[in-house]
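The lines below spell out each chain.
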Amino acid sequence: MALDISALRTQFKSDKAELLRQFSDSRATTASAKSLLARLARLVDRTLCTLWEANDFPKSAALVAVGGYGRGELFPYSDIDVLLLMPVSPSVVGEDAVAPAIEAFITACWDIGLEIGSSVRTVDECCEEAARDITVQTALLESRLLCGSRTRFTELQRSCTHQMDVAAFVQAKTLELRQRHTKYEDTPYALEPNCKESPGGLRDLQVVIWLARAAGLGSTWTELANKGLLTPFEARQLHANESQLKLIRARLHQIAGRREDRLVFDLQNSVAESFGLKNTPALRASEALMRRYYWAAKAVTQLNQILMLNIEERISGSQNAPMRRIDEDFLDRGGLLEIVSDDLYQRKRDAILRTFLVLQRQETVNGLSARTLRALYNARQLMDSAFRRDPQNHATFMAILQERQGQTRVMRLLNQTSVLGRYLWVFRRIVGQMQHDLFHVYTVDQHILMVVRNVRRYFIPEHAHEYPFCTQLASEWDKPWLLYVAALFHDVAKGRGGDHSELGAVEVRRFCKHHGIVGDDAVLVEFLVAEHLTMSRVAQKEDLSDPDVIQAFAQRMGNERHLTGLYLLTVADVRGTSPKVWNAWKGKLLEDLYRLTLRALGGARPHMAAEIESRKEQARQALALSMLPGGIETALWKTLDMSYFARHDPADIAWHARSLSRHVQTTKPVVRARLSSVGEGLQVLVYTPDQADLFARICGYFDRAGFNILDARVHTTGIRYALDTFQIIDGPNARHEGVHYRDLIALVETQLADALDSDQALHEPVRGRLSRRVKSFPIPPRVSLRPDERGQRWLLSVSASDRSGLLYAIARVLAKHHVSLQLAKIDTLGERVEDTFLLTGPTLAQDKVQLALETELLEALAA
């Protein structure tokens, strides 16, 4: 039969556009999403059947919807998977019989705008492919006849059911789920979650239905409840949260205008507005949307775990396995902790927290059974204010913290099961709370648990290689649990407004009072929470070669215990923000501050002259080991003052002397590079006659070459030569990806020397591209210029969203105003920069110059 493809295409696109318009105009309700998905599927059904009937297919052939489309629902831009089920393989009957019809059908689908995924198979071929590929077997599990031979379709269903090895299928899908969760970092709380594939997403619910279908236990939540796998309450919860996730995904597709399952920063606000959410002083609309998503995903994660265990027990028969009694309330069921009765928590509310303590203490138990998880899920309303005030629960929680092992796993389980937020009400307020500071990649609660994990690892020998110095300090720490408490509370007051460190200190003081933490221990924990940002700020923003900086920090610490505790917490905190934030250079700065402060706390106020002589002597010894003649350092050292020796360690001082012994009064730039002694990257030495725009030229070269500067130490010798050192690593726009730093040394030495020898004017800074995250959550640029405490130098602090070329733009402004740079501390926190510069210049004291400098810097920083 002849078919007007153009008219059908116009009709299909018009009908689909009308459905999306109605959905867009409607209130964001789960009913509107359910209606849209069903109506889109019916529209595609009608169109496909029209195309099928227009082609000359055998009467015994069938068109079958498979995969997600087979469920009878279709998201606006989802795949349309179909199976062309043939009575005989086209390769057997010959090209002239059915191949033209197949080709015409598939071509027409694409011409109309149906982006189908198609396969052409017989029943036997389907069975063979399903036996080889679990994905095909899963897709066929949800098959639905669209048109054609019902007999053929029934044969397919019967064959698939007969072939199904339920135990093998369950095992394969369970492993697949674990791999998928690992890919998404085992958390539903990613800042840009995939609402289909992330833990707690729609795929988790689909896996449960697949397993239930395969085992013949049902294909809807109601059917699973009728089989005793769910309670009616859990079935309602599953339906509600599934509907919420479908609504979010449908809105996401509609707003993106494409298949987009990630709640990316670019789209979060638009999706939130489609829900009618508005920005408030306390909460952005996107934050409200994401909190709604996280709560749904968390519930799905909990219920998925309960159902998966239930189904596995039904299939394996392990629900009838013998159990070992642990105590009067708990049993060991094949390595899972089982409660003795479903009403245990109603009878004994103190058993809720004790569940996790028993799990922690039983080495043969590695998880919670479905029955226990279900009881915890249904016991949430029991955890009220009286539960939180109960001294017995206080004692149990402290016992969990003070156990010799298991805190990381138990704290995560407490959070996953909602017990942690119900017991520590202050913690509940930050569950699923986003952080728009451009360097945290986790929600607040996930970051806190990451910090607890990091602190815990100090005390585990297997992780000593990750934190060698921290592990050494931890081995002498008497009460690890004090650090766990500080880690739990350090960010617990975020999102309230005000200083979260001060507010957190108030919360932890209250916790200590209720939980019997007194005396020096209580003072320490409160101090750690109140000061948890201080050490990082001083190490990364102040001049550690200045004795006054060290002395002031030592006075703030008060004693060695406070200093050590804060150092351990700070390292754990920085490493828990994002894998990209921590680097070896930051580790060195923190360790240097710790060691210098420890010496000051011991009563040894830094004696700079003696310290410098010590460094010189160590440098001479290093030179002697290099088989160099004595005295080669003399000419260079005569040109250097105390500040140079105070800012460099003996190894660097020796390297500089060795590199420059023949070039003290060179007329050409000298550039030397070596592998960094601190982590990855290169250490670069620049020695050249001084000039006003030198720092800008160096930054310009590193920017063009794709390097990021971690640290810059700038010194001017007594004969007006610049002696500058830089720590650099590959930046995001590096042109030499995959090349080892060792192979870049000669390149950097040659190219940078040529760039400095050029008399060309400074090029205009190129405004690098901003990341999606920066575009969605921009950081207002800030500039602060103030004199140091002695009034001799000026401290310039800048913060802004990161982009390539930013440091060069800053350096160019400084060069324009003839400002001399002594020290630069470059701190890149994910996609935010917080840089500090130590400046000198005779005109900086003039108000007019300060205003012009700050204004131009703000213009340079503006995104």
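Residues numbered from 1 in each chain as written. Predicted model: local features only at pLDDT ≥ 70, side-chain atom pairs only at ≥ 80, totals over all residues. Heavy atoms only, no water.

Caption draft 1: Spotlight on the nonpolar core. With 246 residues, the main nonpolar core has L48, F397, V684 and F702 as its most contacted residues. The residues contacting V684, other than those within four sequence positions of it, are W655, V671, R672, A673, F702, D724, T725, F726, I728, V748 and L752. If you look at the next biggest cluster of nonpolar residues, it comprises 20 residues, including I612, L636, L640 and Y687. (Core = buried A, V, L, I, M, F, W, Y, C linked by side-chain atoms within 4.5 Å. Buried < 20%, exposed > 50% of the residue type's maximum accessible area, 1.4 Å probe, protein only. Contact = heavy atoms within 4.5 Å.)

Caption draft 2: Local environment of the sheet that holds strand 3 (residues 116-121). Taken in spatial order, the four strands make up an open sheet running 3-2-1-4, and their pairing is mixed. Each edge of the open sheet carries a strand with a single partner, namely strand 3 and strand 4 (144-148). Across this sheet, the average inter-strand angle for adjacent strands is 25°, counted without regard to direction. Contacts from helix 5 (residues 123-132) reach strand 2 (80-85) and strand 3 within the one sheet, and its direction differs from that of strand 3 by about 110°. (Pairing = 2+ DSSP bridges. Helix = DSSP H or I, 4+ residues; strand = E, 2+ residues; numbered from the N terminus. Axes fitted to C-alpha atoms, helices over the stretch in contact; angles between N-to-C directions.)

Caption draft 3: Representation of the packing of helix 25 (residues 500-514) against helix 26 (residues 519-530) within the structure. Following both chains from N to C, one finds helix 25 and helix 26 inclined at 160°, their axes separated by 8 Å at the closest point. The angle between helix 25 and helix 26 places the two elements in the roughly antiparallel class. For the pair helix 25 and helix 26, the sense of crossing is right-handed. In this structure, helix 25 contributes S501, G504, A505, V508, R509 and C512 to the contact, and helix 26 contributes A522, V525, E526, V529 and A530. Class assignment of the residues belonging to the contact of helix 25 with helix 26 gives a composition of seven nonpolar, two polar and two charged. (Parallel < 35°, antiparallel > 145°, perpendicular 65-115°, else oblique. Left-handed = near helix turned anticlockwise from the far one by under 90°. Nonpolar A, V, L, I, M, F, W, Y, C, P; charged D, E, K, R; others polar.)

Caption draft 4: Focus on empty space enclosed by the protein. Tallied over the entire structure, the rule returns two cavities of 30 Å³ or more. Considered as a void within the structure, the largest cavity measures approximately 60 Å³ in volume. Lining the largest cavity are C126, C127, A130, Q137, L140, L141, C160, Q163 and M164. In terms of residue class, the lining of the largest cavity is built from seven nonpolar, two polar and no charged. Counted as a void, the second largest cavity has a volume near 30 Å³. Q302, Q305, I306, L373, L376, Y377 and T417 are the residues that line the second largest cavity. When its residues are assigned to classes, the lining of the second largest cavity shows four nonpolar, three polar and no charged. (1 Å grid on protein atoms, 1.4 Å probe; cavity = no way out; pocket = protein on both sides within 12 Å on 5 of 7 lines; lining within 4 Å. Points joined across faces, edges and corners; volume = space filled by probe spheres on them.)

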